[in-house]
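Overview (structure and organization)
Residues per chain are reported as follows:
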Amino acid sequence: MAINWFKYSAPTTFYPLAGKLIPWFAISSAILFAVGLYIGFVVAPSDATQGEFYRIIFIHVPSSIISMFLYLIMAGYAALGLIFNTRLSSMMASAIAPTGALFAFISLWTGALWGKPMWGAWWVWDARLTSELILLFLYLGFIALHASIDDPRRADRAAALLAIVGSVNVPIIYFSVKWWNTLHQGSTIKYSGTSMHIAMQQAMFTMLAACWLYAIAIALMRVRSIILEREKNTKWITELAEVK
Amino acid sequence: MKKLSLFSLLLLVIRRDLVLAMRRRADVLTTLFFFVMVVSLFPLGVGPEMDMLRKMAPGVLWVAALLASMLSLGRLFSADYLDGTLEQMLLAPQSLSVLVLGKMASHWMVSGLPLVLMTPVLGLQFDMSVEAIGVLMLSLLLGTPILSMVGAIGAALTLGLRGGGVLLSLLVLPLCIPVLIFGTGAVQAVTSGLNVSSHLSLMGALLVLALAFTPWVTAQALRISME
Amino acid sequence: MLEVSNLACSRGDHRLFSGLCFALSPGQIMQVQGANGSGKTSLLRTLCGFISPDKGCISWGGTDVRELAEDYFAQMMYLGHLNAIKDELSALENLRISAGLSGMELSEADAIAALRRMGLKGRERLPTKVLSQGQRRRVSLARLLVNDARLWVLDEPLAALDVGAVALIGELIREHLAGGGMVIFTTHQPLVVAGMEMRSLSLS
């Protein structure tokens, strides 16, 4: 099916498309969340070494993975907006940022919840958790910079440059933090031990898919409200049913 | 009138900024005093026990150097922005990246180099050994230029904004973490009797990367901010 | 040599002008007129490349200025509201550094001659912070004498100048136009250039 993707690259056409897609993503995400949590918390057996506490990884691991991918996707959209001057790409980047930050925060929080029963401390300076913390700072920096600039065009472009610089730095930061951690013989939070039981794998993948669909649904919702905000002086917005 | 070569242009910018800094000596000295003060706060905060201070020293000095650099970065472009010289630089018929590199170099000479030179005195306050002080100075010598260069990107992006210095720090500090890690790691290696060359060569590599990319990225950031 | 076609520019949400077309040839001078807020400064800044237009194209000698970049900058000069001089430096140092940043090496003798022509005799070596507003504007305008730019983009060049200086600027512009240069400017004070027909562009 040859879809003319460029047709949807303008806010005017994307707005209704997004509106139609959101329910699909939202509902499927809710279903997968329910299924994933059920498998993870009820069906999967308890772990030999970690007992019941390990189940938090079904939230922790997907949120870590999603937070990292979302940063790259956000930087990608921002780069498109910067290079090709497309407003919608920049709006998508702004829409993704808070969700990415949220997942980073959830990852840190669930990491702490996991760490406490295992290692007795709410925070251990594990390489991955520390990198996740720095990723959260990168997200917050993007959001703060965008919010601090009044002119929307300058805000989009400055934040895009920051996101690109950030994504280039992410491997360097991750490498240096791992280096730092091994130097100081820090603890490593890992789901170690025997290979995962089939139910655990199912739970993990289901939760990963659920988080992904949730992220898409929320990003689409947020980009619609950004479109409303930014384009409020244009004719087509004033003719929308919601606005009248 | 002769045309200026790129190298002469670089020297012109560096000389200009150094002359301006000398005529406003207060700015230079405040960064240095801030550095000394922050370093002195740590023993007051954690107690004067020498063993602990000796172990903390590289981290303390490095974090203080980071913070002092962040403070001084606000001044990198703001004076030129306010009096219109920056917009003239954007209209220069030669590469803006060269002009930016010149500003970064003079910023480092005025804000970073004094910190490096102050280190032996502060290192003695923390009872660091001579080798440790030497490696610390070398790591700061390699690292402070990187801080000036990466920080310049933040300074260019936050030009004229109300959030100012704090926003700049929020943006730049995460990007400076690798420099912090390798810099302090080098000193800790020497105090444990291990090889420092890997840390220092990583710093060197970051310095080369910064030299290659940050002037151009900063120039783009300046054009975005000056619209 | 300077051609603008279908130029549209906005500030934030607000469209300032659109569909703007004009051409400026060597020896021509054009005044941009319009009420406050109509986009005169934005137009001049767009011509300099600071602002990217929403639509349209600016070309110099047939090539888009976005492609020319530094080659375009070498042939034009911009004087905005800000003087672009450093308070802590003397007029002489400021002029030589401005010339240097434009890629030219200016000798001390030539710089002093330019400053003298601008009416700053005896004040060349004082830090500019002790000069009056009008004198500082003269230091800034001294750049007109020492560069070889073909296009002058001047945003209210006469601000803070006295009658004598206004006449001097008119004279400098006349010499520039006679030599094949071009000028586009805005002003709130009347600018008379002897013997030159002034074109006008209205933005309201």
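Predicted model, so just to flag it, every value in this text is computed and none were measured.

**Overview of the overall build of chain C**
Secondary structure assignment for chain C yields eight helices and 10 strands. Here the C-alpha radius of gyration of chain C, 17 Å, is about what a compact globule of 204 residues would show, namely 17 Å. When the backbone C-alpha atoms are referred to their principal axes, chain C occupies close to 50 × 35 × 35 Å. In chain C, which comprises 204 residues, the share counted as buried stands at 42%. Once local pairs closer than 6 in sequence are excluded, the contacts in chain C between residues at least 24 apart make up 69%.

**Re the interface of chain C and chain B**
The partner chain B presents 22 residues to the 23 residues of chain C that form the contact. Secondary-structure elements contributing two or more residues to the side of chain C that touches chain B are helix H3 (70–75), helix H4 (91–101) and strand E7 (104–105) of chain C. Considering each element in turn, the side of chain C that touches chain B owes the most residues, four residues, to H4 of chain C. Along the lines of polarity and charge, the residues of the side of chain C that touches chain B split into 13 nonpolar, six polar and four charged.

**So, the pairing of strand E4 (residues 55–60) of chain C**
All names here are of chain C. Relative to E4, strand E1 (residues 2–11) runs antiparallel, the two sharing five bridges. Bridging across to E4, Leu2 finds its partner in Trp60. Of the pairings in the sheet, the one linking E4 to strand E5 (residues 63–64) comprises two bridges and is antiparallel in character. Looking at the pairing, Trp60 lines up with Thr63 of E5. The turn joining E4 and E5, which pair antiparallel and follow one another in sequence, is formed by two residues; a positive phi near 60 degrees is taken by Gly61.

**Re the nonpolar core**
The biggest cluster of nonpolar side chains holds 145 residues, and the ones touching the most others in it are Met74 and Leu162 of chain A together with Cys176 of chain B. Within the second largest apolar cluster, 52 residues are counted, among which are Leu91 of chain B together with Val4, Tyr72 and Ala114 of chain C.

**A look at the UniProt feature "transmembrane region" (unreviewed entry) in chain A**
As annotated in UniProt, the feature "transmembrane region" (unreviewed entry) corresponds to residues 21–44, 56–83, 95–115, 127–147, 159–180 and 200–220 of chain A in the numbering used here. The annotated region residues 200–220 of chain A carries 100% helix and 0% strand content, and the separation between its end C-alpha atoms amounts to 30 Å.

**Notes on helix H8 (residues 163–178) of chain C**
All names here are of chain C. In a regular helix each residue adds 1.5 Å, so 16 residues correspond to 22 Å; H8 covers 23 Å between its end C-alpha atoms and thus fits that length. Those residues of H8 that fall on the buried side of the exposure criterion are Ile169, Leu172, Ile173 and His176. For H8, the buried positions fall inside an angular range of 100 degrees around the axis, keeping them on one side. More than 90 degrees from the buried face of H8, the exposed residues found are Val163, Gly164, Glu175 and Ala178. Along its buried surface, H8 packs onto strand E3 (29–33), helix H6 (133–141), helix H7 (143–146), strand E8 (151–155) and strand E9 (182–186).

**Some details on the interface of chain B and chain A**
Across the contact, 21 residues belong to chain B and 24 residues belong to chain A. At the level of secondary structure, the elements contributing two or more residues to the side of chain B that touches chain A comprise helix H7 (130–157), helix H8 (164–191) and helix H9 (197–225) of chain B. Top element by residues in the side of chain B that touches chain A is H8 of chain B. It accounts for 10 residues. Of the residues belonging to the side of chain B that touches chain A, the class tally is 15 nonpolar, four polar and two charged.

**As for the sheet that holds E4 of chain C**
Residue and element names in this part refer to chain C. Strands sit in the order E2-E1-E4-E5 across an open sheet of four strands; the sheet is antiparallel. Each of the sheet's edge strands pairs with one partner strand only, and the pair in question is strand E2 (14–24) and E5. Strands E1, E2 and E4 of the sheet are contacted by helix H1 (residues 40–48), whose axis makes an angle of about 125 degrees with E1.

What counts, and at which threshold
Residues numbered from 1 in each chain as written. Chains lettered and ligands numbered in written order. Predicted model: local features only at pLDDT ≥ 70, side-chain atom pairs only at ≥ 80, totals over all residues. Helix = DSSP H or I, 4+ residues; strand = E, 2+ residues; numbered from the N terminus. Rg over C-alpha atoms; globule rule 2.2 N^0.38 Å. Buried ≥ 20, exposed ≤ 12 C-beta atoms within 10 Å, placed from the backbone. Contact = placed C-beta atoms within 7 Å. Nonpolar A, V, L, I, M, F, W, Y, C, P; charged D, E, K, R; others polar. Pairing = 2+ DSSP bridges. Core = buried A, V, L, I, M, F, W, Y, C linked by C-beta atoms within 7 Å. UniProt positions renumbered as here; feature names shortened; annotations may be inferred. Expected span 1.5 Å × (residues − 1). Arc of directions from axis to C-beta. Axes fitted to C-alpha atoms, helices over the stretch in contact; angles between N-to-C directions.

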